[in-house]
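# Coordinate inspection notes
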Amino acid sequence: MRNAFARVLTELAKDDESLLLFYADIGNRLFNPLKEFAEERAINAGIAEANMASMAAGSAMMGHKPFIYTITPFTTSRNFEQIKIDIAYQNQPVIIVGTGSGLSYANLGPTHHSFEDIALMRALPNMHVICPADAYELEQLMPQLIELDAPCYFRIGKKNEPAVHEGNPVLTFGKVHVMRPGERIAVLSTGTIMPLAQELVSELTEHGLSPELVSFHTVKPLDEAYLNDAITRFDHVITLEEHNVSGGFGSAVLEYVSEQANWPRVHRFGIPDRFIDQVHSTADARAKAGLTVADIMSTLSERGVV
Amino acid sequence: MTLNSIAAQIRYTLCDVSSQTKTPHLGSCLSCVDILTVLYWRTMHITPNNPADPERDYFLLGKGHAASALYTTLAYRDYFSPTALYEHGQTGSQFEEHPGIHAPAGVETVSGSLGHALSLATGMALSKQLQGAKNRFYVLMGDGEINEGTVWEAAMFAAGKRLSNLVAIVDFNKLQGTGESTEIMHLEPLEEKWRAFGWHTMRVDGHDISALEQALEAAKSIQQPVCIVADTVKGKGVSFMENDNNWHYRIPTEEEVAQAKQELGIS
């Protein structure tokens, strides 16, 4: 997904001289194509993420449209105050890109895991939170974020995430994409965990159910129109994310629907409230976090859903 | 009016506004008045009747708790009426204790949490350098403020990019919130630190108007970022406030304001 980010940014930067990239000394050759024609706009800010966030805000005030790019924990939690004050409070159109989100860098340990970033970013007024599921979603949404001209957090994966879409639908920022219509049960997924959601839907289908599958790429603002409709159509809503089960996407959905009349039962699946360590791969880490079809089905079974 | 008498008027108004509106940080405000006076009356290209002039120079206040000093300077520089200053701290007022997004015309960015201004100004200066524009950026920081790591991150970056449109001024009054800044952190030799980070440095008496003016003028032709370490006195200009760190938080009584008025030579 990071390759897609670099490719799309390079394409967009050819037509828009106001686009700037600040990166915190990562990416190696990733941004070479951008540097080939706009070296001065691909700025290595050094391993100084807080300064990078504030510099980006300053450049936005002067008419540039900056991206800041580094590994998710360092582009969100390490520099949180700079994002809060300089980007969100001053409402500057900086696109904060977190690469290797969730458990993508599982083997690097909890220092490189991000399971709190959605919670942090969605707590900031003016901030938008977007979690594409694959390179295709990234490519569809990125130009729309630039058009927004507002603070955005763009939570992306690492590399070689499987494609999740068939037929390349048109996606719209702020609106869910229904991957497969269904009834009684909805599976709402955000970000790179979509393949697990697809597996879960297959499993539920084998149990004779007909779940709806939704890519909820925009976490903030929530697609309330969809949720209002979902409340009337489903008995159970399942949320899935590679993020702490508290404070993230599932919490956002739960907060919204719980204030409506006759809301369905909400089942949130994510990383439990603990650090996941001593793992060698993302699959390993997901297993340790209980993010497997078997674990989810077991919980759903205990709750009488299946 | 001479700049010295403008500075004296600003100092008296700061004391009076602090007393009447119960706004603290008087000591921090008084230490930087001469620096602000020189910047706004001599150094910077500004157009108070058109604060959004795209060709203007920018001033960023790092030590946001000295907001009153900036507001008062702007008022006397005709951005708005000095009488407005007495709305300070009231509900709905533009004059927040730390400048917010609704701060009055002339305030370029919010400030309050320390260590942000140099980074913001570095991004701004970089942008303008890329755009080939002539704007210059002036940042005033407290000596306590430069405890923050982001200041030194920005210092390294700005030097690396040779941002000759960027000037940092350290209001080196030797006192921070709860003690002596040179003891709380190892600040000295401060000028050498900035030089080692790749900046052209100067050290001046921060209350010598003509020395400040010369230093800031000289900075305009130096082809790298410039740091001016300005030796100042916290509470400068009012005998019983000078070097007394209680005035970081204390509010003067009416009698104390009257004495300050007399000492400052305000009729």
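Starting afresh in each chain, residues are numbered from 1 along the sequence in its written order. Here chains are named by letter from A upward and ligands by number from 1 upward, in the order in which they appear as written. pLDDT decides what is reported in this predicted model: residues at 70 or higher carry local features, side-chain atom pairs at 80 or more are listed and counted, and totals for whole chains, interfaces and linings draw on all residues regardless. Heavy atoms throughout the structure, all of them, feed into the side-chain values; hydrogens and water do not.

## Quick word on the overall build of chain B
Scanning chain B for helices and strands turns up ten helices and seven strands. The globule rule used here is 2.2 Å times the number of residues to the 0.38 power, and the radius of gyration it is set against is calculated over C-alpha atoms. Expected size for 267 residues packed as a compact globule is a radius of gyration near 18 Å; at 17 Å, chain B falls within 12% of this value. Along the three orthogonal principal directions, the C-alpha set of chain B runs to about 50 × 45 × 35 Å. We call a residue buried when its accessible area falls under 20% of the maximum for its residue type, exposed when it is over 50%, and partly exposed in between, using a 1.4 Å probe and counting protein chains only. Out of the 267 residues belonging to chain B, those deemed buried represent 61%. Computed with the Shrake-Rupley method and a 1.4 Å probe, the accessible areas treat only the protein chains shown as cover for residues. Summed over all atoms, the accessible surface of chain B reaches about 10,100 Å², with 48% contributed by carbon and sulfur. Only DSSP runs of H or I with at least four residues qualify as helices, and only runs of E with at least two residues qualify as strands; both kinds are numbered from the N terminus onward.

## Let's talk about the sheet that holds strand β3 (residues 65–71) of chain A
Residues and elements named next belong to chain A. Pairing between two strands requires that DSSP report at least two bridges joining them. Spatial strand order, β2-β1-β3-β4-β6-β5-β10: seven strands in an open sheet with mixed pairing. In this open sheet, the two edge strands, each paired with only one partner strand, are β2 (42–44) and β10 (218–220). Averaged over all adjacent pairs, the angle separating strand axes in this sheet is 20°, with direction ignored. Pairing of strand β5 (residues 128–130) with β10, which is carried by two bridges, proceeds in the antiparallel orientation. Directly across from Ile130, in β10, lies its bridge partner Thr218. Here helix α1 (residues 2–15) sits on the sheet in contact with β1 (19–23), β3 and β4 (95–99), set at roughly 145° to β1. Axes here refer to lines fitted to C-alpha atoms; in helices the fit is confined to the stretch in contact. Angles between the N-to-C directions go from 0 to 180 degrees. When checking whether two residues touch, look at their non-hydrogen atoms; a contact exists if any pair is within 4.5 Å.

## Let's talk about the interface of chain A and chain B
The interface of chain A with chain B comprises 24 residues on the first partner and 24 residues on the second. By convention, the term buried area covers the 1.4 Å-probe accessible surface removed from two parts as they join, with the contributions of both added. Together chain A and chain B conceal approximately 1,900 Å² of surface at their shared face, both sides included; 67% is due to carbon and sulfur atoms. Interface area lost by chain A to chain B is led by Asn51, Met62 and Tyr89 of chain A, which between them contribute 33%. Sorting the residues of the side of chain A that touches chain B by element identifies β1, β2, α3 (49–61) and α5 (80–89) of chain A as the ones contributing at least two each.

## Here we look at the packing of aromatic side chains
Each Phe, Tyr or Trp ring (for Trp, its six-membered ring) is paired with any other whose centre lies within 6.5 Å, and the angle between the two planes then decides the class: stacked below 30 degrees, edge-to-face above 60, tilted in between. Overall, the coordinates contain 17 aromatic pairs over all chains when judged by the stated rule. Their ring planes at 40° and their centres at 5.4 Å tell us that Tyr23 of chain A and Phe31 of chain A sit as a pair that is tilted. Taking NZ or CZ as reference, Arg77 of chain B lies 5.6 Å from the ring centre of Trp41 of chain B, over its face. Charge-over-ring contacts are defined here by two conditions on Lys NZ or Arg CZ: a distance within 6 Å of the ring centre and an angle within 35 degrees of the ring normal. Over the ring of Phe172 of chain B we find Lys174 of chain B; its NZ or CZ atom is 4.1 Å from the centre of that ring.

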